[in-house]
Amino acid sequence: MLARPHPALGWLHISPADTRRVMDRLLTERDAALEVDPTFSGVPQSFIDWTWQTWLPSHLHRYEQQVQEHLSYLNFKIAELNGDLEKAAGGILDSRDEAVDLRDRLQRELDARELPS
């Protein structure tokens, strides 16, 4: 049996044994959510919380390489997004800063004129 993606951490491929345990927990949490709301669908928040607070910390040693690789990917993605934001919003931010500077300068001129009265 091949490694399968974790239901809440789709980028993390987990062993068959871990898949069984994780899916059992997911189904238990889903059943509890359905008792409260029969129309519930999706991954229960309680399962996501359990994943981050309990499961991942106790299994990190087995999946550390995948986590490191995903961190590298996220760093690359964030750098690309920052570049895209700078390209898209850089001119707008510059215009805003110029308008703020002009407003502040004009306000200072008005304030200086009103003081001697």
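One can find the structure itself at the top, above this paragraph.
To start, this report covers the structure provided alongside it. (Residues numbered from 1 in each chain as written. Predicted model: local features only at pLDDT ≥ 70, side-chain atom pairs only at ≥ 80, totals over all residues. Heavy atoms only, no water.)

Before going further, it helps to spend a moment on the side chain of His6. Its place among the elements puts His6 in the loop between β1 (4-5) and β2 (13-14). Under the relative-accessibility criterion, His6 is labelled buried at 1%. A polar side-chain atom of His6 sits 3.2 Å from the main-chain amide nitrogen of Leu9. Setting aside residues up to four positions removed in sequence, His6 forms contacts with Leu12, Ile14, Val22, Phe47, Thr51 and Trp55. (Helix = DSSP H or I, 4+ residues; strand = E, 2+ residues; numbered from the N terminus. Buried < 20%, exposed > 50% of the residue type's maximum accessible area, 1.4 Å probe, protein only. Polar contact = N/O pair within 3.5 Å; in protein donor to acceptor, adjacent residues only side chain to side chain. Contact = heavy atoms within 4.5 Å.)

We now examine helix α1 (residues 16-36). Over its 21 residues, α1 extends 30 Å from the first C-alpha to the last, a length consistent with the 30 Å expected when each residue adds 1.5 Å. Of all the residues in α1, the buried ones are Asp18, Thr19, Val22, Leu26, Glu29 and Ala33. Down the axis of α1, the smallest arc covering the buried residues is 105°, so these residues share one side. Of the residues in α1, the exposed ones pointing more than 90 degrees away from the buried face are Arg20 and Glu35. On its buried face, α1 sits against β1, β2 and α2 (45-114). (Expected span 1.5 Å × (residues − 1). Arc of directions from axis to C-beta.)

Right, let's talk about the pattern of salt bridges for a bit. One pass over the structure, following the stated rule, counts 6 salt bridges. One salt bridge connects Asp31 with Arg30, and the closest N-O pair in it is separated by 2.7 Å. The exposure class of Asp31 is partly exposed, given its relative accessible area of 36%. What makes Arg30 partly exposed here is its relative accessible area of 33%. Here Asp104 makes a salt bridge to Arg103, at a shortest N to O gap of 3.1 Å. Each of Asp18, Arg21 and Arg62 takes part in one network of salt bridges that share partners. (Salt bridge = Lys/Arg side-chain N within 4 Å of Asp/Glu carboxyl O.)

Coordinates in, geometry out; function isn't part of it.
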